[in-house]
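Take a look at the letters that make up each chain.
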Amino acid sequence: MMRTCYCLSFLLWASTLHEVHTSLSPQRTNMYLQVERVKGMPKDHGKALHRTKRGWMWNQFFLLEEYTGPDTQYVGKLHTDQDKGDGNLKYILTGDGAGSLFIIDENTGDIHAAKRLDREEKSLYILRAKAIDRKTGRQVEPESEFIIKIHDINDNEPKFTKDIYTASVPEKSRVGTSVIQVTATDADDSNYGNSARVVYSILQGQPYFSVDPDTGIIKTALPDMSRENREQYQVVIQAKDMGGQMGGLSGTTTVNITLTDVNDNPPRFLQSSYQISSLESAPLGTSLGRIKANDPDVGENAETEYSIADGDGVDMFDIITDKDTQEGIITVKKQLDYEKKNLYTLKVEATNTHLDPRFFHLGPFKDSAFVKVFVEDVDEPPVFTMPSRLIEVDEDAREGSIIGQVIAQDPDVAKNAVKYTLNRHTDLDRIFSIHSGNGSIFISKTLDRESTPWHNLTVIATEISNPKQSTQAPIFIRILDINDHAPELAKYYETFVCENAKAGQLIQTVSAVDKDDPPRGHKFFFELVPEYTIHPNFSIVDNKDNTAGVITRRNGYSRNKMNTYLLPVVIFDNDYPIQSSTGTLTIRVCACDSRGNMQSCNAEALLLPAGLSTGALVAILLCIMILLVLVVLFAAMKRQRKKEPLIVSKDDVRDNIVTYNDEGGGEEDTQAFDIGTLRNPEAREESKIRRDVMPETIFQIRRTAPLWENIDVQDFLHRRLKENDLDPTAPPYDSLATYAYEGDDSIANSLSSLESLTTESNHDYDYLSDWGPRFKKLADMYGGDESDQD
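Rules used in this analysis
- Residues numbered from 1 in each chain as written.
- Predicted model: local features only at pLDDT ≥ 70, side-chain atom pairs only at ≥ 80, totals over all residues.
- Heavy atoms only, no water.
- Phe/Tyr/Trp six-rings, centres within 6.5 Å; stacked < 30°, edge-to-face > 60°.
- Helix = DSSP H or I, 4+ residues; strand = E, 2+ residues; numbered from the N terminus.
- Buried < 20%, exposed > 50% of the residue type's maximum accessible area, 1.4 Å probe, protein only.
- Lys NZ or Arg CZ within 6 Å of the ring centre and 35° of its normal.
- Pairing = 2+ DSSP bridges.
- pLDDT = per-residue confidence, 0-100.
- Contact = heavy atoms within 4.5 Å.
- Patch = residues over 30% accessible without salt bridge, like charges linked within 9 Å, V, L, I, M, F, W, Y side chains within 5 Å.
- Areas by Shrake-Rupley, 256 points an atom, 1.4 Å probe, with all protein chains shown as cover.
- Salt bridge = Lys/Arg side-chain N within 4 Å of Asp/Glu carboxyl O.
- Lys, Arg positive; Asp, Glu negative; His and termini not counted.
- Charge placed at Lys NZ, Arg CZ, Asp CG, Glu CD.
- Disulfide = S-S within 2.5 Å.
- Axes fitted to C-alpha atoms, helices over the stretch in contact; angles between N-to-C directions.

Asks: Hey, could you run me through the packing of aromatic side chains in this one?
Replies: Where two aromatic rings form a pair, the distance of their centres and the angle of their planes describe that pair. Under the definition given, this model contains 11 aromatic pairs. Look at Phe160 and Tyr200: their rings are 6.1 Å apart centre to centre, the planes differ by 50 degrees, and that puts the pair in the tilted class. Note that Phe160 is positioned in strand β10 (residues 159–160) and Tyr200 in strand β14 (residues 199–204), a separation of 40 residues in sequence. Of the two residues, Phe160 and Tyr200, both sit in the buried class. Aromatic ring contacts, followed pair by pair, group Tyr208, Phe209 and Tyr233 into a single cluster. The lysine or arginine in question, Lys122, covers the ring of Tyr125, its NZ or CZ lying 5.5 Å from the ring centre. Sitting over the ring of Tyr344, Lys341 keeps its end group 5.4 Å from the ring centre.

Asks: Whenever I open this one, the pairing of strand β35 (residues 454–463) confuses me. Can you help?
Replies: Successive residues of a regular strand alternate their side chains across the two faces of the sheet. Among the 10 residues in β35, 8 count as buried, and that is most of the element. Pairing analysis gives 5 bridges linking strand β32 (residues 418–422) to β35, with the strands arranged antiparallel. Residue pairing across strands places Thr421 opposite Ile460, the latter belonging to β35. Pairing between β35 and strand β36 (residues 470–480): 9 bridges, direction antiparallel. Residue pairing for β36: Thr458 is matched across the bridge by Pro474. Here β35 hands over to β36 after 6 residues, the two strands then running antiparallel side by side.

Asks: What should I look at first to understand the confidence of the model for the protein chain in this one?
Replies: In regions of low pLDDT, the predicted coordinates are not meant to be interpreted in detail. Considering every residue of the protein chain, the mean pLDDT works out to 78; 75% of them sit at 70 or more. Low pLDDT, under 50, characterises residues 754–761; the predicted model gives this stretch 2 contacts beyond four residues in sequence or across chains. Note that residues 785–790 has pLDDT below 50 and, in this model, 1 contact with residues that lie over four places away or in other chains.

Asks: It is not clear to me how the pairing of strand β16 (residues 217–220) should be interpreted in this structure. Could you clarify?
Replies: Side chains Ile218 and Thr220 project from β16 onto a buried face, and the interleaved Ile217 and Lys219 project onto a face without burial. With 3 bridges joining them, strand β15 (residues 209–211) and β16 adopt antiparallel strand pairing. Note on β16: the bridge partner recorded for Val211 is Ile218. Once β15 ends, the chain turns through 5 residues before running back antiparallel as β16, passing Gly216 with a positive phi of about 80 degrees.

Asks: Would you take a moment to explain a negative patch on the surface for this structure?
Replies: A cluster of acidic residues, Asp394, Asp396, Asp448 and Asp484, forms a negative patch at the surface. Position of Asp484 relative to the elements: it lies in the loop between β36 and β37 (488–489).

Asks: Just checking my understanding: could you explain the state of the cysteines for this structure?
Replies: Here, the word disulfide means a covalent bond between the sulfur atoms of two cysteines. Scanning the model with the defined rule gives 2 disulfides in all. Each sulfur of the disulfide joining Cys498 and Cys592 lies 2.0 Å from the other. Handedness of the Cys498-Cys592 disulfide follows from its S-S torsion of about -85 degrees: it is left-handed. Of the two residues, Cys498 is situated in strand β38 (residues 495–498) and Cys592 in strand β44 (residues 580–592); the sequence distance between them amounts to 94 residues.

Asks: Help me understand the sheet that holds strand β17 (residues 232–240), please; the structure alone is not making it clear to me.
Replies: Backbone hydrogen bonds hold the strands of a sheet together, and the pairing may be parallel or antiparallel. The strand order across the open sheet formed by 4 strands is β11-β18-β17-β14, and the pairing between neighbours is mixed. Among the strands making up the open sheet, the edge pair consists of β11 (164–170) and β14. Taken over all neighbouring pairs, the strand axes of this sheet differ in orientation by 30 degrees on average, direction set aside. When β17 meets strand β18 (residues 250–260), the two strands line up antiparallel, connected through 9 bridges. Bridge pairing in β18 links Lys240 to Ser250.

Asks: What is the right way to read unusual backbone geometry from this model?
Replies: Looking along the chain, the bond that leaves Gln206 and enters Pro207 is cis, with omega of 5 degrees. In this fold, Pro207 is placed in the loop between β14 and β15. The peptide bond linking Tyr576 to Pro577 adopts the cis configuration, its omega dihedral lying at -10 degrees. Turning to its location among the elements, Pro577 is positioned in the loop between β43 (564–572) and β44. Phi angles above zero are rare outside glycine, and Lys172 is one such case at about 65 degrees. For Lys172, the position within the fold is in the loop between β11 and β12 (178–181). Residue Met242 is not a glycine yet carries a positive backbone phi of 60 degrees.

See the structure below:
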């Protein structure tokens, strides 16, 4: 009966070896495991099978984690039916944690947990057991494997995957709109009890948001939440295990939720009317002012476009949108004029550019306001009735004739008087003038279309009361042509006739030019002068195309008899008044070949058919001889020329300028210059005769009596000056007159220090040291000790 129980237990254990047990028996029960080893041969041998019965027995498979009792936790007992209880068997345990976590009594087979176990670290352990005979060392049972499973307790709180979540949801979202899902995990065994069953709840953030207790999805709980009222929300979510029951562990996380903007607000002007002003002289495009319609939305939902919808200034002003500030900038579109209109009214609209169809029911997303623009008067310069003008005048107009008039007026209300002037840079020859009062332009000099067909003048109109206000206008004057120039031959014609020419032969075609420019074009006529109408040698034939031909009237011409003919031709035009001139053609008689090609036109060529003529050769030789004579004369004069300097004497003051610009080394230094002249009053330079000219009369040098005794220095200088001024032999050029008179003794005695050593008085020269480095040498010479002097 016992063996049957053992076999039944073995079958139960084998079927549940790797299954998870969900409960523990509160009472200790002994479970016997009997292992039968079946030995046999294959059926091919036809032998009977022999079975050896062996059995293992132990009595516990489960442990609770986190055991905190005073003793080691009993795991179970390992036993085999081969154990007789006499201590001959030895139990050995190997596998996970054997010897460290799990220890076995080798005599009894009892297994204990030596340490506290944590299911979250390891939930099951696989061990192997064997029993051996102590005496023989042989296994009495084969090694068998078993599992120890750690049962879970609720020792871990739920933990969220993030400490702080960030989420956003559009404002005006419907109730129940999903915002974000939070997830918390519990390390406890989810298959054992409710330790790992997590339930979510909201601790902070109501009534705006809610959370699904099972999934952790956060949803909106209030309708029409407005970002403009509140943008940021902080929601605290709790995750609690044990299904949220009392005693369960919990963890929390924070979710920062931001309401994103939608275009649910139209732009609104703060005022219904605005006022701005502008000077009438404001240039086009000038910014006059800014207005703004506020939109509580942000980003592209707040982008606003401004436009002028109505008003009497639609054509005068424009409005543009500043994309950075979302303001409307009113600018000048056309030139303003205070005198014409000084007040404009504009209706400005501000419209959102990005509309959301979901919120069309909230009303039109635009607003309007009125803007009044006041135009301010400024002192404007005069304005010409015509900005430019073209005046045509005949070139024969008389001086003083009025050819036109310009008118400029002050556009201001004051209507100040205006004066007119011409910019003389545009009329350097002063051909025209203008009346300063009425702007009449008249001629000051004779006109000539042929020299200047156009005159571009600039008229300046200036307010008399305010000369700074002036305006310029261009005046274009075109000089109209009159027939005042006679036609002339187009060029100088070199005409020749062959000696063997026949009568009626064309020898030259001539044309004419005219400086005038008639409106119908030029038409010229050619004929001989009346006295040459019947010319025995040549005639003129008018070709009726402004050209004429010269025709021979006889056969043969001789150079020896006459080598040149003069043919006067009268040319006149077809304009009014008719102008004519006479041009003379010079016709030379030349020798020609049989085909009419010119060979020679000079009479000397008969003697020298080739090369230069005799007269030309004589002229060339004569020029060469004259040049040779000039070269010889020039060379001879150059050799005879003597180089005599203007002043020979080295004593002349102009060649002997001595510069005394050094300080010197004291009175002992006599190398710089000779001071003998100053010491000797008798020394003076004798008068010198000019060497650059030859005197007409040789004067004797006048000697003057010595004046050195008892004569005052001033009188001495005056006398010397008078003598030199009256001296007829005095040179006219600058000279040096030497006045080598030192004069009588002064009251202060001699200033020289040459006699200082002979005086008995002892002078103190220490003050020389205070005069600076330039007097250092004197201070060393005279400021020394008496021992130095000795």
